[in-house]
Amino acid sequence: MGSALQTPAEPAARVLGRVGRSDGPTLVVTAGIHGNEPAGVQAAQRVLGELARRGTALRGEFVALLGNRAGLARETRFLDEDLNRLWTAERLAALHARPGALDHAEQREQRELLAELEPLLARERVTLLDLHSTSGGGPPFALAGDTLQNRPVAFALGVPFLLGLEENVSGTLVEHVGALGHVAVVIEGGQSRDPRTVELLESALWITLVSSGVASAADVADLELHRERLCAAARGLPAVIEVAHRHDIAAEDEQRFEMLPGFEGFARIERGTLLAHAGGGRERPVHAPFRGILLMPRYQRQGRDGFFLGRSVSPLWLSLSAALRRLHLERALGLLPGVRIEERAGHVLAVDRRIARFFAAELFHLLGYRRSEERGHQLVVSRRNDRL
Ligand SMILES: [Zn+2]
């Protein structure tokens, strides 16, 4: 197995490039999952070009894939449906059962992407880095499910790490890959059209080549420079933020939702701050439901995520939760009042909110569970796939 470039970096091809050897760790990078975010594609091309120029011998394989090719060609987020909401178990089963001729635009993208991803995801040590950018301005940040294996790769980036987005948004690519037990992290590099975003995403890529074990630190001569670049862009921001609220835009208001101008990601917002108008005119104001950190305000016409609100999480909480998870308390949780084990190993629990309301959400987050369903007064939580 050599370390030669196997695929030329042809702009429209699904595989942007592939370097290294398949018998080591694998770093899969997806760029342009949203067609209006070309910065990630340019960042991946730069790294591929630079690796070829330097002739770096990698310890594993680096594979860069294009996300929404049709969307990228038309500079639009998506044509029929957001490609980053199609990765639930149900949607994947439906995709496998359906003839390809019936696919809509993004289902076709997903089918092609899966054909490339599946053999890679069958490997042992896989890291996915999904490159994104935002419609509004703001610093770079990482997003991932709070599994123990995601933490070191997310923290290596030196930007704020957002937890719990998957409880508010389902069907993302990282959620699917993370559920298989792999490392899966999103990096948002900044504003989509800002040339600096390409640089920040490029830095994130070099850092992750090392944190995934695909390159050694010695192989990336300018590693420190990349770390400093990301650190500088995120200076003064909390290290960890839990996403606590998503503003859902009703389907009929998708074209009419208007954020007030001038909000940037990570702005500190007081409770009751006027943030947006829900649809046409001034009569349906949207206020912040609590005091928090504003994340990903929507300054584009597509998508139903208006904005998110987060709260900062203390580093102590993170180390405590890592320690608790290693104790495997799953079965013991069934002894708590109002908690019933739904699945034998304790990976799915039903919590009666009327009894367990004082500890429910926080305790289960701490132990590595995520909210997966609400059934009347019952909260159903499932254990994230920690590699312990
Ligand atoms: Zn995106």
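Note that this is a predicted model, so its numbers are computed, not measured.

So what exactly am I meant to see when it comes to the overall build of the protein chain here?
A count of helical and extended segments in the protein chain gives 12 helices and 18 strands. Here the C-alpha radius of gyration of the protein chain, 21 Å, is about what a compact globule of 388 residues would show, namely 21 Å. Counting only C-alpha atoms and orienting by the principal axes, one finds that the protein chain spans roughly 60 × 55 × 50 Å. Put simply, of all contacts in the protein chain between residues at least 6 apart along the chain, 69% involve residues at least 24 apart.

Looking at this model, I keep getting lost on the pairing of strand 14 (residues 305–312). Mind explaining?
Side-chain positions along a regular strand alternate between the two faces of the sheet. Sheet topology places strand 8 (residues 240–248) next to strand 14; six bridges connect them, and they run antiparallel. Its bridge partner being in strand 14, D248 is matched across the sheet by D305. As paired elements, strand 13 (residues 292–295) and strand 14 share three bridges and run antiparallel to each other. Note on strand 14: the bridge partner recorded for I293 is G310.

In this structure, what is going on with unusual backbone geometry? I would like to understand it.
Negative phi values dominate among residues other than glycine, just as trans dominates among peptide bonds. Although it is not a glycine, F266 adopts a positive phi angle of roughly 80°. Turning to its location among the elements, F266 is positioned in the loop between strand 9 (258–259) and strand 10 (268–269). Phi at M296 is positive, roughly 45°, even though this residue is not glycine. Relative to the assigned elements, M296 resides in the loop between strand 13 and strand 14.

Please explain the domain arrangement of the protein chain as it appears in this structure.
When the parts of a complex come together, some accessible area is lost, and that lost area is often used as the size of the interface. Entries for the protein chain in the domain assignment read domain 1 (15–233), domain 2 (240–312) and domain 3 (328–383). One C-alpha centre belongs to domain 1, the other to domain 2, and the line joining them spans 25 Å. Across the contact, 18 residues belong to domain 1 and 20 residues belong to domain 2. Residues belonging to the side of domain 1 that touches domain 2 are distributed by class as follows: eight nonpolar, eight polar and two charged.

When you look at the sheet that holds strand 10 in this model, what are you seeing that I'm missing?
Whether parallel or antiparallel, the strands of a sheet pair through hydrogen bonds between backbone atoms. In space, the 11 strands of this open sheet follow the order 1-3-2-4-7-5-6-8-14-13-10, with mixed pairing throughout. Because the sheet does not close on itself, it has two edges, and the strands there are strand 1 (15–20) and strand 10. Pairing geometry for strand 2 (residues 26–31) and strand 4 (residues 126–134), over six bridges, is parallel. If you follow A31 over to strand 4, its bridge partner there is L131.

Even after reading the chapter, I still don't get the environment of L180, so can you show me in this structure?
With respect to the helices and strands, the residue L180 is situated in the loop between helix 6 (173–179) and strand 7 (183–191). Judged by C-beta crowding, with 12 C-beta atoms within 10 Å, L180 ranks as exposed.

What is the right way to look at the packing of helix 7 (residues 195–211) against helix 8 (residues 223–233) in this model?
Angle between the axes and distance between the axes: these two values describe a pair of packed helices. In contact at an axis separation of 9 Å, helix 7 and helix 8 are set at 125° when each is read in the N-to-C sense. Considering their axes alone, helix 7 and helix 8 lie oblique with respect to each other. Pair helix 7 / helix 8 crosses with left-handed handedness. For the pair helix 7 and helix 8, contact is made by E199, L200, S203, A204, W206, I207 and V210 and by L223, H226, R227, R229, L230 and A233, respectively. Each residue belonging to the contact of helix 7 with helix 8 can be placed in one class, and the counts come to eight nonpolar, two polar and three charged.

So what exactly am I meant to see when it comes to the confidence of the model for the protein chain here?
Detail in the predicted coordinates should be disregarded across regions flagged by low pLDDT. Per-chain confidence: the protein chain averages 88 in pLDDT, with 93% of residues scoring 70 or above. In this model residues 1–11 is a low-confidence stretch, pLDDT under 50, and it forms 20 contacts with partners more than four residues away in sequence or in other chains.

What should I look at first to understand the nonpolar core in this one?
Nonpolar side chains in soluble globular proteins generally cluster together in the buried interior. By size, the foremost hydrophobic cluster in this structure holds 83 residues, and its most contacted members are A44, A142, L162, V185 and L205. The element that contributes the greatest number of residues to this core is helix 7, accounting for eight residues. Both domain 1 (15–233) and domain 2 (240–312) contribute no fewer than three residues apiece to this core. Other than its neighbours up to four places away in sequence, L205 contacts V29, A43, A44, V47 and L129. Counting residues in hydrophobic clusters, the runner-up holds seven residues, among them L349, V351, Y369 and V381.

Quick question: what am I supposed to make of the pairing of strand 2 here?
Among the six residues in strand 2, six count as buried, and that is most of the element. Here strand 2 shows a buried face lined by T26, V28 and T30 and a second buried face lined by L27, V29 and A31. Alignment of strand 2 against strand 3 (residues 61–66), held across six bridges, turns out to be parallel. For T26, the partnering residue across the bridge sits in strand 3 and is E61. On the question of chirality, the crossover connecting strand 2 to the parallel strand 3 by way of helix 1 (residues 39–54) is right-handed.

Each value, and the rule that gives it
Residues numbered from 1 in each chain as written. Predicted model: local features only at pLDDT ≥ 70, side-chain atom pairs only at ≥ 80, totals over all residues. Helix = DSSP H or I, 4+ residues; strand = E, 2+ residues; numbered from the N terminus. Rg over C-alpha atoms; globule rule 2.2 N^0.38 Å. Contact = placed C-beta atoms within 7 Å. Pairing = 2+ DSSP bridges. Domains from an automatic or database assignment. Nonpolar A, V, L, I, M, F, W, Y, C, P; charged D, E, K, R; others polar. Buried ≥ 20, exposed ≤ 12 C-beta atoms within 10 Å, placed from the backbone. Axes fitted to C-alpha atoms, helices over the stretch in contact; angles between N-to-C directions. Parallel < 35°, antiparallel > 145°, perpendicular 65-115°, else oblique. Left-handed = near helix turned anticlockwise from the far one by under 90°. pLDDT = per-residue confidence, 0-100. Core = buried A, V, L, I, M, F, W, Y, C linked by C-beta atoms within 7 Å. Right-handed = clockwise from strand over helix to strand, strands pointing away.

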